[in-house]
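Structure at a glance
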Amino acid sequence: MFLAELEAALRDPATVDPSTAASLGEFVRLVRSIDLDVATPEPAAPPARLPVCRFWEPSLAAATGAPRGVVTSLRSLAASLSWAQNPNYRRNPPDATFLDNYGYAVIAGPADGPPALATDPRLALGVLLLGPRAHYPLHAHPAVEIYYTLTPEGEWWRGDGPWRREPAGAVIHHAPNVRHATRAGASPLLAIYLWRGDLATHAKLTQS
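A brief report on the enclosed structure follows. (Residues numbered from 1 in each chain as written. Predicted model: local features only at pLDDT ≥ 70, side-chain atom pairs only at ≥ 80, totals over all residues. Heavy atoms only, no water.)

1. Concerning helix α2 (residues 21–33)
Counted only if it meets this: Where helices and strands are cited, they refer to DSSP runs of H or I of at least four residues and of E of at least two residues respectively, numbered from the N terminus. Helix span is expected to be 1.5 Å times the residue number reduced by one. Should any heavy atoms of two residues lie within 4.5 Å, those residues are considered in contact.
Between the first and last C-alpha of α2 there are 19 Å, a value that for 13 residues agrees with the 18 Å anticipated at 1.5 Å per step. Residues of α2 that are buried sit in contact with α1 (2–11), β6 (144–149), β9 (171–174) and β11 (189–196).

2. Here we look at empty space enclosed by the protein
Applied cut-off: As defined here, a cavity is a set of points on a 1 Å grid over the protein atoms alone where a 1.4 Å probe fits but cannot get out. A pocket is an open set with protein on both sides within 12 Å along at least five of seven lines, and residues line them when an atom is within 4 Å of a point. Grid points are joined across faces, edges and corners, and a volume is the space filled by probe spheres set on the points. Basically, the charged four are Asp, Glu, Lys and Arg, the nonpolar ten are Ala, Val, Leu, Ile, Met, Phe, Trp, Tyr, Cys and Pro, and anything else, Gly included, counts as polar.
Evaluated as defined, the whole model comprises 1 cavity of 30 Å³ or more. Within this model, the largest cavity holds a volume of roughly 30 Å³. Thr149, Leu150, Thr151, Gly154, Trp156, Glu166, Leu189 and Leu190 are the residues that line the largest cavity. Its residues placed into classes, the lining of the largest cavity shows 4 nonpolar, 3 polar and 1 charged.

3. Observations concerning the packing of α1 against helix α4 (residues 68–76)
How we decide: Geometry is summarised by axes, namely lines fitted to C-alpha atoms with helices restricted to the contacting stretch, and by angles between N-to-C directions that run from 0 to 180 degrees. By the definition adopted for this analysis, an angle is roughly parallel if under 35 degrees, roughly antiparallel if over 145, roughly perpendicular if from 65 to 115, and oblique otherwise. By definition, turning the near helix anticlockwise from the far helix through less than a right angle yields a left-handed crossing, and turning it clockwise yields a right-handed one.
Contact geometry of α1 with α4 gives a least axis separation of 9 Å together with a crossing angle of 150°. When the interaxial angle is binned, α1 and α4 end up roughly antiparallel. Taken as a pair, α1 and α4 cross one another with a handedness that is left-handed. Contact residues: Phe2, Glu5, Leu6 and Ala9 in α1; Gly69, Val70, Ser73 and Leu74 in α4. Across the contact of α1 with α4, the residue classes tally to 5 nonpolar, 2 polar and 1 charged.

4. Quick notes on the pattern of salt bridges
We count it as follows: The salt bridge criterion pairs a side-chain nitrogen of Lys or Arg with a carboxyl oxygen of Asp or Glu, the two atoms within 4 Å. Burial classification: accessible surface area is computed with a 1.4 Å probe over protein chains only, and a residue below 20% of its type maximum counts as buried, one above 50% as exposed, and the rest as partly exposed.
Enumeration over the complete set of coordinates arrives at 7 salt bridges. Here Glu7 makes a salt bridge to Arg32, at a shortest N to O gap of 3.1 Å. Of the two residues, Glu7 sits in helix α1 while Arg32 sits in helix α2, which places them 25 residues apart along the sequence. With relative accessibility at 15%, the residue Glu7 sits in the buried group.

5. A word on the packing of aromatic side chains
Condition: Aromatic rings from Phe, Tyr and Trp, with only the six-membered ring used for Trp, were paired whenever their centres fell within 6.5 Å, and each pair was classed as stacked if the ring planes differed by under 30 degrees, edge-to-face if by over 60, and tilted otherwise. Charge-over-ring placement is defined geometrically: NZ (Lys) or CZ (Arg) within 6 Å of the ring centre, and within 35 degrees of the ring normal.
One pass over the full model with this rule turns up 10 aromatic pairs. Linked through ring pairs, Tyr89, Phe98, Tyr102 and Tyr136 together constitute an aromatic cluster. For Arg183, the ring lying beneath its charged end belongs to Trp163, and the centroid distance is 3.9 Å. Of note, Arg196 hangs over the ring of Phe27, and the distance from its end group to the ring centre comes to 5.0 Å.

6. Here we look at the sheet that holds strand β5 (residues 135–140)
Here is the rule we go by: Only when DSSP finds a minimum of two bridges between them are two strands counted as paired.
Across the sheet, which stays open at both edges, the 5 strands sit in the order β8-β7-β10-β5-β12 with antiparallel pairing between neighbours. Where the open sheet ends on each side, the last strands, each with one partner, are β8 (164–165) and β12 (204–205). In this sheet, strand β10 (residues 180–183) lies alongside β5 in antiparallel orientation, the contact comprising 3 bridges. Looking at β10, one finds that His139 is bridged to His180.

Read these as layout, nothing more, since geometry by itself doesn't imply function.
See below:
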């Protein structure tokens, strides 16, 4: 149900710039081909939780402008999601509070990545969660990426900027190795992310 709702939402986003359309179409094709009902090996341990998970329910409550079907179906997956953090950030956090206010969970992705609900070597799909006022500073990665925003108030930076506040239901595109950053407002930030291309190389923080 979640994938069908996401596919429909990506076909009719609240905002999308013209240069994103072709890349978005390829992501829609990949999402359509994933089957969450295909058996994935049972995890060896219970789904991992992180401090940022305390903002999960508040973030869903704040997602009032996002399609209801996406939010409802995402909530139904909550107990199965295993939360992770980029190992580059764990080794060298950008600030003292970052790791308490940042995490992501994979819904579909490669078998050698973090635990996912479905295995797919072509796509990494999941959710990013940031606590209120958290700043995810400039970073870059070789994968092509789009975000689909679920909460309002978040601000997004790409390339040379400036900061842009995006509504719920916006599609944000990052080409390979383009610097980008995100910061939450007074409420938590929740967004769906999708990667394709180089899925093995983690994002790295870049110079301001």
